[in-house]
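Close look at the chain arrangement
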Amino acid sequence: MTRFLQSLAVGLAAATAAASSAAAACAAQSGASITPVIELYTSEGCSSCPPADKWLSTLKPAVAQRRVVAEAFHVGYWDYIGWVDRFAAPAYTARQRQLASANGLASIYTPQLVRNGRDWRDFSSALGGVAEPARASVRIERTGNDAFEAAVSPLGGASPWAAYWTVTENGHASKVKAGENAGEFLQHDFVVRQYVPAGKYEGAQRLKLNAVAAEAGHARQVNLVVFDPRGGTTLQAVSLACSG
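Another point: the state of the cysteines. Under the counting rule described, the total for this entry stands at one disulfide. Between C26 and C242 runs a disulfide, and the two sulfur atoms are separated by 2.0 Å. Across the disulfide from C26 to C242, rotation about the S-S bond amounts to roughly -90°, and the bridge is consequently left-handed. Here the residue C26 occupies a position in the loop between α1 (3-24) and β1 (27-29), and C242 occupies one in the segment after β14 (234-240), the gap between them amounting to 216 residues.

This is the structure:
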């Protein structure tokens, strides 16, 4: 091998190692208390949803400080009115129906706020209340550009447990041309772009996620929510935002 090729090979190996090191350097560890999980079920076709979307955006500082996990699940059952919500997916509506059943609700609606698996009608109190001791320990780390791994250990006899991943993005917007919000310019944060149920377990486990590629110009969060499969209440949650 010529000296040039040797130098090139060494340079490529060093660059690959540096990229791998940078990817793995982004991690988050859960704390001693349960991080509240706020799920907003919303739709661009719902005239009463924009104020709720704006409220969710006010949680940015709390999310940045890892004091809350925020997720906006867009649903498509208002699309028939005339405007198709491009962020909606059938899986999000299915999750909302599961939560409605767990909460004893006769129907689903928008905007709906869910806090730690419970239907929550008072937006002003969503971040309040007494901190509850964590019932799971969660650590997430990035292992590649779009690859993530989590170590989950139940605490305090929390067994069985289940989990789901979401990938959310900030800074999305739509100029609505039909339906109840015709003519409105809607802005969205914490938009769920990927939702992956991760299964049900006993004891400590490691979970992996191949995330959808980050969209340029939209800050991405990778979230893991660990919950009690018997009632849906949150055991612990972590949100991870990696730059680069």
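Per the stated rule, a full pass over the model turns up one cavity of 30 Å³ or more. The volume enclosed by the largest cavity comes to roughly 40 Å³. Every residue lining the largest cavity is listed: V37, E39, R95, N116, G117, Y164, V225, F227, G232 and T234. Elements that contribute at least two residues to the lining of the largest cavity include exactly β2 (37-42) and β13 (220-227).

Right, let's get into the packing of aromatic side chains. The geometry of an aromatic ring pair is captured by the separation of the ring centres together with the interplanar angle, meaning the angle of the planes. Inspection of the entire model under this criterion finds ten aromatic pairs. Ring geometry for Y41 versus F73: centroids 5.1 Å apart, planes at 10°, classification stacked. A residue pair is termed long-range when its members are at least 10 positions apart, and Y41 in strand β2 and F73 in strand β3 (residues 69-74) qualify at 32 residues. Classification of Y41 as buried rests on a relative accessible area of 0%.

What follows covers the confidence of the model for the protein. Predicted coordinates in regions of low pLDDT should not be interpreted in detail. Per-chain confidence: the protein averages 91 in pLDDT, with 90% of residues scoring 70 or above. Contacts from residues 4-22, a stretch scored under 50 in pLDDT, to residues over four places away or in other chains number two contacts.

Moving on, we come to helix α2 (residues 50-57). Burial analysis of α2 places six of its eight residues in the buried class, the great majority of the element. Burial in α2 covers these residues: P50, A52, D53, W55, L56 and S57. Of the surrounding elements, those touching the buried residues of α2 are β2, α3 (60-64), β3, β4 (112-115) and β10 (185-188).

Parameters at a glance
Residues numbered from 1 in each chain as written. Predicted model: local features only at pLDDT ≥ 70, side-chain atom pairs only at ≥ 80, totals over all residues. Heavy atoms only, no water. Disulfide = S-S within 2.5 Å. Helix = DSSP H or I, 4+ residues; strand = E, 2+ residues; numbered from the N terminus. 1 Å grid on protein atoms, 1.4 Å probe; cavity = no way out; pocket = protein on both sides within 12 Å on 5 of 7 lines; lining within 4 Å. Points joined across faces, edges and corners; volume = space filled by probe spheres on them. Phe/Tyr/Trp six-rings, centres within 6.5 Å; stacked < 30°, edge-to-face > 60°. Buried < 20%, exposed > 50% of the residue type's maximum accessible area, 1.4 Å probe, protein only. pLDDT = per-residue confidence, 0-100. Contact = heavy atoms within 4.5 Å.

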